[in-house]
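Observations on chain architecture
Read off the chains here:
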Amino acid sequence: MNTILTLIIPSDWPQQRRACPWLLHDAGGRLLRRGCSEPAHWPGVGGAPDEMPECRILLAGRQVAGRRVRLPAPPLGRRPEVVGAALEDVLLDAPEQLAFAVAGKTGDDGTSRVGVVSRQRLAGIVALLRELGLPPHAAWPLGMAMPAPAACLVGDELCVVAPDGEFAALGPGDDLAARLGELAGGEALPLHVVDADPDAGARLAAVPGLRPGGAGEWLAPAAPGFLDGELAPPRRRTAVVRHFSGAARLAAAFAGVALLLSAAQWGWHAWQAARLRDAIAAQFRAAQPQAALVDPLLQMQRLVDSTRHAGGQLVAGDFLALADTLAELPTGATIAELRYRDGRLEIVAPQPADAVAALAAAAERRGQRLSADGGTGWSLSAGSRR
């Protein structure tokens, strides 16, 4: 393996389109070839396993989001449970349903850039690439691989990196000129086109706030990024893989069928999730016919908590229920100060540093949330029962 294949994955791949842009670099980072094609035409697909390029992926569009947060120093600050706890107040989904990629460089204000993606979406992409014989070694947001400032057109979405490094995705329904002005502060951004439709790039270059920038040649970072746990990159191949070259060719021949079946399975799961949400809503309406339906799970939990309080029982957000989690701190760990208010137990400066990881794990087991306050403090609260 002496080449690197970088796949730029749009938000609608492979459900609505099977082609995606790709870049092939040599081991030194020099661009060899580029294109936009279906998996059967990607470099190396169908070849001997020991001749396959190292695969890295860049996720483009609205499937990824960018956040800034203050994190502990590595390696603690790179653990998914710690990153998730620090970002929990601004996340739309539970941290365990997400994957995080932390930029290697910390900003001047002490915060780190963090990419966020649905773990289910990432797992689906990784599974498809493994079936093709291209297990990804790294996965990052496209906005973290592009220079700042810049804009890149992938499909019908525009990835914009502001001068301060923040990135966002703009779609067909957005007022591009207005949003570009907000993100770039009036600066005209170079527009790069990596997709198969250069005419679309020429049309976009006339939009105020953009100027022609040529074709992007970015190489995805070598660090794993989003890939951890069961999605972690494979270990270095050995000579034994040569014995499986026939199986790899057979897998590549059936790759198109696998892509279609996996897309159908994702649609089935989405339909099942919708049915489950409807069932939960129906049960809530039966229990509370006069109440406005906003978040049935959360509303039902609050009703149960109110009933338990009326009966003199503890609920998840009470002081004793939250403080019981502190019993799982490692021996010798100390806490400078504790405060309880509004269903949150505020903790100042747990020591040593690995006490934070232990506390995050204990909170997760009990369905509680550990959140950073941006300084030396943390807060423990009842988790969302979803």
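Note that residues are indexed from 1 along each chain, following the sequence as it is written. Whole-chain, interface and lining totals are the exception, using all residues; otherwise, since this is a predicted model, local features are given only for residues with pLDDT of at least 70 and side-chain atom pairs are given and counted only at 80 or more. The basis for every side-chain value is the complete set of heavy atoms in the structure, and neither hydrogens nor water enter the calculation.

1. Considering the overall build of the protein chain
Short version of the rule: Secondary structure counts use DSSP, requiring at least four H or I residues in a row for a helix and at least two E residues in a row for a strand, with both numbered from the N terminus. In these tables, accessible area is a Shrake-Rupley quantity obtained with a 1.4 Å probe, and a residue counts as shielded only by the protein chains included in the view.
Across its full length, the protein chain holds 10 helices and 17 strands. By element, 54% of the accessible surface of the protein chain is carried by carbon and sulfur atoms, the whole surface being about 19,400 Å².

2. Brief notes about the sheet that holds strand β8 (residues 136-141)
Rules: Strands were regarded as paired on the criterion that DSSP finds at least two bridges between them. Helix axes are fitted only over the stretch in contact, all axes being lines through C-alpha atoms; the angle between N-to-C directions runs from 0 to 180 degrees. We call two residues contacting when some pair of their heavy atoms lies within 4.5 Å.
Pairing within the open sheet is mixed, and its 5 strands lie in the order β3-β2-β1-β4-β8. Edge strands, defined here as strands with exactly one partner in the open sheet, are β3 (31-37) and β8. Sheet twist, expressed as the average angle between the axes of neighbouring strands with direction ignored, equals 20°. For strand β4 (residues 54-59) and β8, the ladder comprises 5 bridges, and the chain directions are parallel. Looking at the pairing, R56 lines up with A138 of β8. This element, helix α2 (residues 119-131), spans β1 (3-9), β4 and β8 of the sheet and lies at about 150° to β4.

3. Focus on helix α1 (residues 80-87)
The following threshold applies: Buried residues are those whose accessible area, probed at 1.4 Å on protein chains only, stays under 20% of the maximum for their type, while exposed residues exceed 50% and partly exposed ones sit between those limits.
Burial within α1 is extensive, with 6 of its 8 residues counted as buried. Where α1 is concerned, the buried positions are V82, V83, G84, A85, A86 and L87. Contact partners of the buried residues in α1: β5 (64-69), β6 (98-106), β7 (112-118), β16 (368-372) and β17 (377-382).

4. A word on the side chain of E88
The residue E88 is located in the loop between α1 and β6 in this model. A relative accessible area of 14% means that E88 is categorised as buried. If near-sequence neighbours (up to four positions away) are discounted, E88 is found in contact with P95, R369, L370 and S371.

5. Some points on the confidence of the model for the protein chain
Definition in use: The score called pLDDT rates the predictor's confidence residue by residue, from a low of 0 to a high of 100.
Here the protein chain shows a mean pLDDT of 82. Residues at 70 or above account for 88%. Counting interchain partners and residues more than four positions distant, the pLDDT-below-50 stretch residues 238-242 has 3 contacts.

6. Side note on unusual backbone geometry
Residues W13 and P14 are joined by a peptide bond in cis, for which omega reads -5°. Among the secondary structure elements, P14 is positioned in the loop between β1 and β2 (20-26). Backbone torsion omega between A148 and P149 reads -5°, so that peptide bond is classified as cis. Take P149: it is sitting in the loop between α3 (142-145) and β9 (150-154).

7. Let's talk about the sheet that holds β6
In space, the 3 strands of this open sheet follow the order β5-β7-β6, with antiparallel pairing throughout. Only two strands of the sheet have a single neighbouring strand rather than two, namely β5 and β6. Ignoring which end each strand starts from, the neighbouring axes of this sheet average 25° apart. Pairing analysis gives 6 bridges linking β5 to β7, with the strands arranged antiparallel. Considered in β7, the bridge of V69 is made with S112.

8. Examining the pattern of salt bridges
Here is the rule we go by: Throughout this description, the term salt bridge denotes a Lys or Arg side-chain nitrogen within 4 Å of a carboxyl oxygen of Asp or Glu.
Evaluated as defined, the whole model comprises 15 salt bridges. Of the charged contacts in the structure, one is a salt bridge between R62 and E157, with a shortest N-O distance of 3.6 Å. Of this pair, R62 sits in the loop between β4 and β5 while E157 sits in strand β10 (residues 157-161), and the two are 95 residues apart along the sequence. Owing to a relative accessible area of 46%, R62 belongs among the partly exposed residues under this scheme. In this structure, the salt-bridge partner of R365 is E328, at a minimum N-O distance of 2.2 Å. Here R365 is found in helix α10 (residues 354-365), whereas its partner E328 is found in the loop between α9 (319-323) and β14 (334-341), with 37 residues between them in sequence. The exposure class of E328 is partly exposed, given its relative accessible area of 31%. Look at the salt bridges and you will find they share partners, linking D324, E328, R365 and R366 into a network.

9. Concerning a nonpolar patch on the surface
Note the following rule: Each patch is built from residues that are more than 30% exposed by relative accessible area and take part in no salt bridge. Like charges join if they lie within 9 Å; nonpolar side chains (Val, Leu, Ile, Met, Phe, Trp, Tyr) join within 5 Å.
A surface patch of nonpolar side chains, amounting to about 420 Å² of accessible area, comprises L250, F254, V257 and L261. Its location among the elements puts L250 in helix α6 (residues 245-253).

10. Some thoughts on the environment of S381
Within the fold, S381 resides in strand β17. Along the backbone, S381 and A316 are 65 residues apart, and their C-alpha atoms lie at a distance of 8.1 Å.

11. Considerations on α2
Note: α-helices contain 3.6 residues per turn, so residues at a spacing of three or four share the same orientation. Heads up, the rule is: Here the expected length of a helix is defined as 1.5 Å per residue gap, with one fewer gap than residues. Here a polar contact is recorded for every N or O atom pair within 3.5 Å, except that within protein the pair must consist of a potential hydrogen donor and a potential acceptor, and residues adjacent in sequence are included only if both atoms are side-chain atoms.
If you check α2, its first and last C-alpha atoms are 18 Å apart, about what 13 residues at 1.5 Å a residue would give, namely 18 Å. Every buried residue of α2 is accounted for by R119, R121, L122, G124, I125, V126, L128 and L129. Residue S118 occupies the N-cap position of α2, its side-chain oxygen lying 3.3 Å from the main-chain nitrogen of Q120. With its phi angle positive at about 80°, G133 sits one or two positions after the end of α2.

12. Considering the nonpolar core
For the record, the criterion: By convention a nonpolar core is built from buried Ala, Val, Leu, Ile, Met, Phe, Trp, Tyr and Cys residues, the set being connected through side-chain atoms within 4.5 Å.
Counting 51 residues, the largest nonpolar core has L7, W42, I57, L122 and L142 as the members making the most contacts within it. Non-local contacts of L122, meaning those with residues more than four positions away in its chain, are made with I57, L59, A99, V117, A139, F226, L227 and L231. Within the second largest apolar cluster, 29 residues are counted, among which are L76, L98, V114 and A357.

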